[in-house]
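# Topology and contacts: notes
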Amino acid sequence: SARTMLPLLLLLLPAAHGIAQLRYKPALTQDPRLEGLTTASTFVVDQPHCVFKDYGDAEIWLVVALDQATSSFNNSAGPGTSETAFQSFPNPVRAYMTLNATLGSYPCPKPAGDIRVLRVGSETSCAQDETRPTCNGPLPGPGPYRVKFLALEGSVPVAETEWSAKIMLRTAKPPSSITTTGSGHSAGMIAITTILSILFAILLAGLMAMLVFCGSDSCGGSSTFSKPEPVSVRRYNTHHVYDQPAARL
Amino acid sequence: MAKSDDCVHILQGLLVFGNVVIGMCGIALTAECIYFVSDPHGLYPLLKTTENGDIYAAAWIGIFVGLALFALSILGIIGVIKASRTLLLVYIILMLITFAFEMASCITAATHQDSFTPELFLKQMLERYQKSEPANNSDNEVTKTWDELMIQNHCCGVLGPSDWQEYTSAFRRTHSDADYPWPRMCCALDAQRLPVNLDGCKLGVPGYYNSNGCYDAISGPVSTHAWGVAWFGFAILCWTFCVLLGTMFYWSGIEY
């Protein structure tokens with residue numbers, strides 16, 4: 001009986017200590033600025049470097065929960081069970097566990113120059129696969145969601161972080177909501193139309209006047225624009241001398 | 001008499017000069033409109049589907065008007081030098097017809113210039129890009145045009161990659177948001193047109209995706225086109241107006 005008591009005591013010992021509450025709040029990545037920080041079904045959080053450094057043997061899981069389900073989440077619910085399967089999220093499962101890693105994946109201090117983030121919702125291949133309950137599948141709605149990290153040794157939770165702030169995802173509007181009525185007519189277009197219309201009207205009036213008044217050559221006497229003559233010979237008769245053979249008779 | 005002769009010669013000289021300028025501007029207008037019609041930026045499929053293809057109709061009219069202006073200016077020069085009433089009457093009437101066509105072309109170009117807004121292209125892109133069952137060939141052309149536009153100009157969407165996030169689209173119906181926050185053409189691509197770093201592109205890490213919108217790349221050439229047709233045509237027409245008035249005055253003074 002002492003033999004059976006020992007493992008039981010060892011099992012109860014960590015539980016007797018309780019789960020360590022780490023003062024770390026997971027947050028959306030602020031540095032570097034990412035365009036895809038939140039999309040309609042994914043979001044990006046920082047990796048928890050230097051947070052779990054006292055728990056070298058633990059497996060660190062990410063818990064994603066609906067905002068209303070944070071207080072009712074049971075830390076002892078194991079990952080990969082039907083209570084925490086991604087495929088049943090958000091109904092009836094209200095919080096699922098995914099993205100497990102060991103401490104080695106989150107080195108301390110954080111290596112400079114690397115972009116180390118966790119993209120929640122990036123695995124689309126297993127989203128419907130019931131045999132992969134810890135799938136990091138795309139989130140089904142705009143939220144709000146909250147996340148926290150949970151360290152498990154074996155299947156016993158040993159440490160947890162605080163819940164993050166509320167994370168809202170983007171909602172897409174339909175393209176029919178875009179108004180394309182335009183900005184009206186610009187001054188340039190109005191100017192062009194008006195001026196050209198006036199000019200054209202003046203020309204038409206000029207043409208009418210031209211044809212009506214000058215059509216039957218009532219304009220243009222010999223004193224205005226004469227046609228160029230190819231030869232210009234003028235004969236001057238200084239004396240009234242005429243050839244009048246008939247008058248002599 | 002001598003003064004009248006001087007006036008005649010001055011008026012003739014002015015009219016000949018005016019017609020020479022009209023002829024040269026006609027050639028320039030034809031050349032400019034041929035350039036626009038040849039669509040060097042490959043934007044015609046986008047404009048065709050927004051019911052703004054009329055801007056190309058304006059350019060086509062401009063080609064023929066330019067040639068007509070050149071031919072008529074030669075006729076005008078001959079008519080002025082020979083002081084022939086018939087020739088000048090024909091010249092005036094044909095010029096008025098050409099004036100009317102060019103007026104239509106200018107006003108069309110100026111009107112459509114006003115209707116180019118980012119929202120117009122955004123709506124068209126969201127509804128037609130990568131449409132899974134293309135209704136007609138123009139949807140395929142829209143997709144191809146956008147792909148080339150995004151690759152050549154290193155841009156994404158109309159205002160930015162967030163266009164694909166803020167609105168649902170035909171693209172979104174066939175491509176999941178988690179795998180394709182924005183189309184692959186928005187990623188920084190290598191020589192084989194494959195993303196340099198797909199994860200970086202999906203995350204939106206600066207340097208691995210195109211963060212600018214393509215609206216500047218579209219509106220720049222289209223605005224130049226519209227302004228080129230509208231305002232150059234307007235300038236030619238103002239000059240033509242003066243020459244025509246002078247020709248009418250000259251015509252009414254020619255003795256029969």
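Values in this document were obtained by computation on a predicted structure and should not be read as measured data.

### Some words on empty space enclosed by the protein
Residue and element names in this part refer to chain B. Under the counting rule described, the total for this entry stands at one cavity of 30 Å³ or more. Computed from the structure, the largest cavity encloses a volume of approximately 40 Å³. Elements supplying a minimum of two residues to the lining of the largest cavity: α3 (54–82), α4 (85–114) and α10 (215–253). Per-element accounting of the lining of the largest cavity gives the leading share, four residues, to α4. Split by residue class, the lining of the largest cavity holds five nonpolar, two polar and one charged.

### Considerations on the UniProt feature "transmembrane region" (unreviewed entry) in chain B
Residue and element names in this part refer to chain B. As recorded in UniProt, the sites labelled "transmembrane region" (unreviewed entry) are residues 12–37, 57–81, 88–110 and 229–251. In this annotation, residues 12–37 is assigned 100% helix and 0% strand; the end-to-end C-alpha distance for the span is 37 Å. Helix and strand shares over residues 229–251 are 100% and 0% respectively, and the end C-alpha atoms of the span are 31 Å apart.

### Let's talk about the domain arrangement of chain B
Residue and element names in this part refer to chain B. Structurally, chain B comprises domain 1 (1–116 + 222–253) and domain 2 (118–129 + 140–213). A separation of 43 Å is found between the C-alpha centroids of domain 1 and domain 2. Counting from both sides, the interface comprises eleven residues of domain 1 and, opposite them, nine residues of domain 2. At the boundary of domain 1 with domain 2, the tally comes to zero salt bridges. Inspection of the domain 1/domain 2 interface yields one residue pair in polar contact (both at pLDDT 80 or more). Taken together, the residues of the side of domain 1 that touches domain 2 break down into five nonpolar, five polar and one charged.

### Details of the sheet that holds strand β1 (residues 20–21) of chain A
All names here are of chain A. Taken together, five strands build an open sheet; the order of strands is β1-β7-β6-β3-β4 and the sheet is mixed. The open sheet is flanked by β1 and β4 (95–102), the only strands paired with a single partner. One ladder, built from four bridges, connects strand β6 (residues 145–153) with strand β7 (residues 156–160); its direction is antiparallel. Its bridge partner being in β7, E153 is matched across the sheet by V156.

### Regarding the interface of chain B and chain A
Each side of the interface is counted separately: chain B has 59 residues, and chain A has 60 residues. Carbon and sulfur atoms make up 70% of the surface buried where chain B meets chain A, a total of about 5,100 Å² over both sides. If you sort the residues of chain B by the area they bury against chain A, D114(B), L203(B) and E255(B) come out on top, with a joint share of 13%. Run the count over chain B and chain A and you get zero salt bridges. Linking chain B with chain A are twelve residue pairs in polar contact (both at pLDDT 80 or more). Of the residues forming the side of chain B that touches chain A, the biggest block, 14 residues, is contributed by α10(B). Looking at side-chain class alone, the side of chain B that touches chain A contains 40 nonpolar, nine polar and ten charged residues.

### Comments concerning the UniProt feature "transmembrane region" (unreviewed entry) in chain A
Annotation from UniProt places "transmembrane region" (unreviewed entry) at residues 187–213 of chain A. The distance separating the terminal C-alpha atoms of residues 187–213 of chain A is 39 Å; by composition the span is 100% helix and 0% strand.

### Quick word on unusual backbone geometry
Across the junction of N91(A) and P92(A), the peptide omega takes the value 5°, indicating a cis bond. Inspection of the secondary structure puts P92(A) in the loop between β3 (59–66) and β4. Cis peptide bonds are those with omega within 30 degrees of zero, and the linkage from C108(A) to P109(A) qualifies with -5°. Positionally, P109(A) belongs in the loop between β4 and β5 (117–120). Non-glycine residue L99(A) carries a positive phi angle of around 55°. Look at R193(B): it is not a glycine, yet its phi comes out positive at around 60°.

### Focus on the packing of α3(B) against α10(B)
All names here are of chain B. Following both chains from N to C, one finds α3 and α10 inclined at 25°, their axes separated by 11 Å at the closest point. On the basis of the axis angle, α3 is roughly parallel to α10. Considering how the two elements wind past one another, α3 and α10 form a crossing that is left-handed. Where α3 abuts α10, its residues I55, Y56, A58, A59, L69 and V80 lie against H225, A226, V229, I236 and Y250. The residue inventory of the contact of α3 with α10, partitioned by class, reads ten nonpolar, one polar and no charged.

What counts and how
Residues numbered from 1 in each chain as written. Chains lettered and ligands numbered in written order. Predicted model: local features only at pLDDT ≥ 70, side-chain atom pairs only at ≥ 80, totals over all residues. Heavy atoms only, no water. 1 Å grid on protein atoms, 1.4 Å probe; cavity = no way out; pocket = protein on both sides within 12 Å on 5 of 7 lines; lining within 4 Å. Points joined across faces, edges and corners; volume = space filled by probe spheres on them. Helix = DSSP H or I, 4+ residues; strand = E, 2+ residues; numbered from the N terminus. Nonpolar A, V, L, I, M, F, W, Y, C, P; charged D, E, K, R; others polar. UniProt positions renumbered as here; feature names shortened; annotations may be inferred. Domains from an automatic or database assignment. Contact = heavy atoms within 4.5 Å. Salt bridge = Lys/Arg side-chain N within 4 Å of Asp/Glu carboxyl O. Polar contact = N/O pair within 3.5 Å; in protein donor to acceptor, adjacent residues only side chain to side chain. Pairing = 2+ DSSP bridges. Buried area = accessible area lost by both parts, 1.4 Å probe. Axes fitted to C-alpha atoms, helices over the stretch in contact; angles between N-to-C directions. Parallel < 35°, antiparallel > 145°, perpendicular 65-115°, else oblique. Left-handed = near helix turned anticlockwise from the far one by under 90°.

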